[in-house]
Amino acid sequence: MSDAAVNLDQKLSTFTEHWSPRIISQFNDCDVMVVKAEGEFKWHHHDETDDFFLVLKGTLRIELRDRDVTLRPGELFVVPKGVEHRPVAEGEVHLLLIEPKGVPNTGDAATAAQKVSI
């Protein structure tokens, strides 16, 4: 990874795919990623790690089995490990995600999107 500043808007401008995380930096064995989202993602959980969401643009609803959490730009939410959830993007949403390296975005390597470094 570079030792230069990372411009999030510039990184987000390099792709159009939804629900396909792009690694933009790393720290403490974690991937820092941006992703564009639209529509519903699949219900999933992570057995070994929390799930961090920071909204940069748009509105994201995180559906939990017992309630919904709505996030707008500048707001973040951490889904505790083991909690089933489904992110739903109302229109196109830009997110910053932080996950330990190698953690599949669905909690299951067989159904996860491939992470790409940009």
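Structural data are supplied above this passage.
Here goes a summary of the coordinates provided. (Residues numbered from 1 in each chain as written. Predicted model: local features only at pLDDT ≥ 70, side-chain atom pairs only at ≥ 80, totals over all residues. Heavy atoms only, no water.)

### With respect to the pairing of strand β6 (residues 85–100)
The following threshold applies: DSSP bridges decide pairing: two strands pair if at least two such bridges lie between them. Strands here mean DSSP runs of E at least two residues long; helices mean DSSP runs of H or I at least four residues long; both are numbered from the N terminus.
When strand β2 (residues 30–40) meets β6, the two strands line up antiparallel, connected through ten bridges. Among the inter-strand pairings, C30 is bridged to a residue of β6, identified as P100. In this structure, strand β3 (residues 51–64) lies alongside β6, joined through eleven bridges in antiparallel fashion. Each residue of the ladder has a partner; that of L64, found in β6, is H85.

### Some points on the environment of G82
To be explicit about the condition: In this analysis, two residues are considered to be in contact whenever any of their non-hydrogen atoms come within 4.5 Å of each other.
If you trace the backbone, G82 turns up in the loop between β5 (76–79) and β6. Taking the C-alpha atoms as reference points, G82 and D50, 32 residues apart in sequence, are found 7.8 Å from one another. Apart from residues lying up to four places away in sequence, G82 is in contact with H45, H46 and D47.

### A look at unusual backbone geometry
What counts is decided by this rule: Only protein chains enter the area calculation, which uses a 1.4 Å probe; residues under 20% of their type maximum are buried, those over 50% are exposed, and those in between are partly exposed.
In the Ramachandran plot, N28 falls in the positive-phi region, its phi being about 45 degrees despite a non-glycine side chain. When its relative accessible area of 65% is taken as the criterion, N28 is described as exposed. The backbone phi angle of D29 is positive, close to 60 degrees, even though this residue is not glycine. Along the chain, D29 falls in the loop between β1 (22–27) and β2.

### Some points on the nonpolar core
Soluble, globular proteins show a tendency: their nonpolar side chains are buried together. Going by this rule: What is meant by a nonpolar core is a set of buried Ala, Val, Leu, Ile, Met, Phe, Trp, Tyr and Cys residues, joined one to another through side-chain atoms within 4.5 Å.
Counting residues in hydrophobic clusters, the biggest one holds 19 residues, and the most contacted among them are F53, L60, I62, L71, F77, V93 and L95. Within the residue set of this core, elements represented by two or more residues are β2, β3, β4 (68–71), β5 and β6. Of all the elements, β3 adds the most residues to this core, at five residues. Setting aside chain neighbours within four positions, we find F77 in contact with D51, F52, F53, I62, L64, R67, V69 and L71. With eight residues, the next largest nonpolar core counts I24, V32, F52 and L54 among its residues.

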